[in-house]
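Here's the letter readout for the chains.
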Amino acid sequence: MKFEDMNTLRPDLAFIADWVPEGAHVLDVGCGDGAMLRYLETGKRCTGYGVEIADDKVLESTRRGISVIQHDMEQGLDLFGENAFDTVLCLSSLQMMLHVEARLRDIVRVGTEAIVSFPNFAYWPHRMALLKGRMPVSRTLPYQWFDTPNVRYATIVDFKELAEECGLEVLDYVALAEGKPVSFLPNLRGSLAVFRLRKKAKPA
């Protein structure tokens, strides 16, 4: 997939890809159809692996030429050593995990840096839906309450606090709306939160 295609079809992924260094060794946790990793391999000379559990997504990734490992992220990432990757991606997957804190620690253990994205539950249309007594349904939360794979919901403020509790340094974060950064009232106006993280340096 070319940048122009990525920018048109998935502007959120195009923005996130800009945070990945040229030639990085990447692990994409919950890689889905492999589009992101394929773009990084062809457009930024990256190498790496995808991790995915769904049979159909593993097949799609394989057809794209991605090296994908079928594995349940809930079981952890013990198959990879510490700092085995330059960047670990976990894009719109963490909210599907039962044990978010443990999985977040695992992600930053195997990567020098991590990029995590998730639907921002504080996005204003989500708040409006709740005021009307309904669970939110949007582009970033496209499921009904009874069939959603999401088991956790968070806001930008929530995730900052979790990162601090996990001993992580927030290198950068942004709220996206329609794939574009939102600077004014991001927790209200951004539908997708994206964080760039690393482990805090140990005191000398």
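As a reminder, the structure under discussion sits directly above these lines.
Residues numbered from 1 in each chain as written. Predicted model: local features only at pLDDT ≥ 70, side-chain atom pairs only at ≥ 80, totals over all residues. Heavy atoms only, no water.

Some remarks on the overall build of the protein chain
Rule in force here: Helical segments are the DSSP runs of H or I of at least four residues, strand segments are the runs of E of at least two, and each set is numbered from the N terminus. Only the C-alpha atoms count toward the radius of gyration. The rule for a globule is 2.2 Å times the residue count to the power 0.38. Buried means the residue's accessible area, taken with a 1.4 Å probe over protein chains only, is under 20% of the maximum for its type, while exposed means over 50%, and partly exposed covers the values in between. For this analysis, residues touch if any pair of their heavy atoms sits within 4.5 Å. Residue-level accessible areas treat just the shown protein chains as cover; the underlying method is Shrake-Rupley with a 1.4 Å probe. The charge count treats Lys and Arg as positive and Asp and Glu as negative. His and the chain ends do not count. By convention, the charge on Lys lies at NZ, on Arg at CZ, on Asp at CG and on Glu at CD.
From N to C terminus, the protein chain includes 8 helices and 8 strands. Over its C-alpha trace the protein chain gives a radius of gyration of 16 Å, about what one expects of a compact globule, namely 17 Å for 204 residues. Along the longest, intermediate and shortest principal axes, the C-alpha atoms of the protein chain span 45 × 45 × 30 Å. Each of the 204 residues in the protein chain was classed as buried or not, and the buried ones make up 46%. Counted over contacts in the protein chain with a minimum sequence separation of 6, partners at least 24 positions apart contribute 64%. Accessible surface computed for the protein chain: about 10800 Å², of which carbon and sulfur atoms make up 52%. Of the charged side chains in the protein chain, 24 are positive and 28 negative; the average position of the first set lies 4 Å away from that of the second.

A look at the pairing of strand 2 (residues 47-52)
Note the threshold: We call two strands paired when DSSP finds no fewer than two bridges between them. Convention used here: a crossover is right-handed provided that the path from the first strand, over the helix, to the second strand proceeds clockwise when the strands point away from the viewer.
With 5 bridges connecting them, strand 1 (residues 25-29) and strand 2 associate as parallel partners. Following the sheet pairing, Val26 is matched in strand 2 by Gly48. Handedness of the crossover joining strand 1 and strand 2 through helix 3 (residues 35-43) is recorded here as right-handed. Across 3 bridges, strand 2 lies against strand 3 (residues 68-70) in parallel orientation.

Comments concerning unusual backbone geometry
Backbone geometry follows two general trends: most residues other than glycine have a negative phi, and most peptide bonds adopt the trans configuration. Non-glycine residue Arg45 carries a positive phi angle of around 55°. The residue Arg45 is located in the loop between helix 3 and strand 2 in this model. Look at Glu178: it is not a glycine, yet its phi comes out positive at around 55°. Residue placement: Glu178 occurs in the loop between strand 6 (168-177) and strand 7 (180-182).

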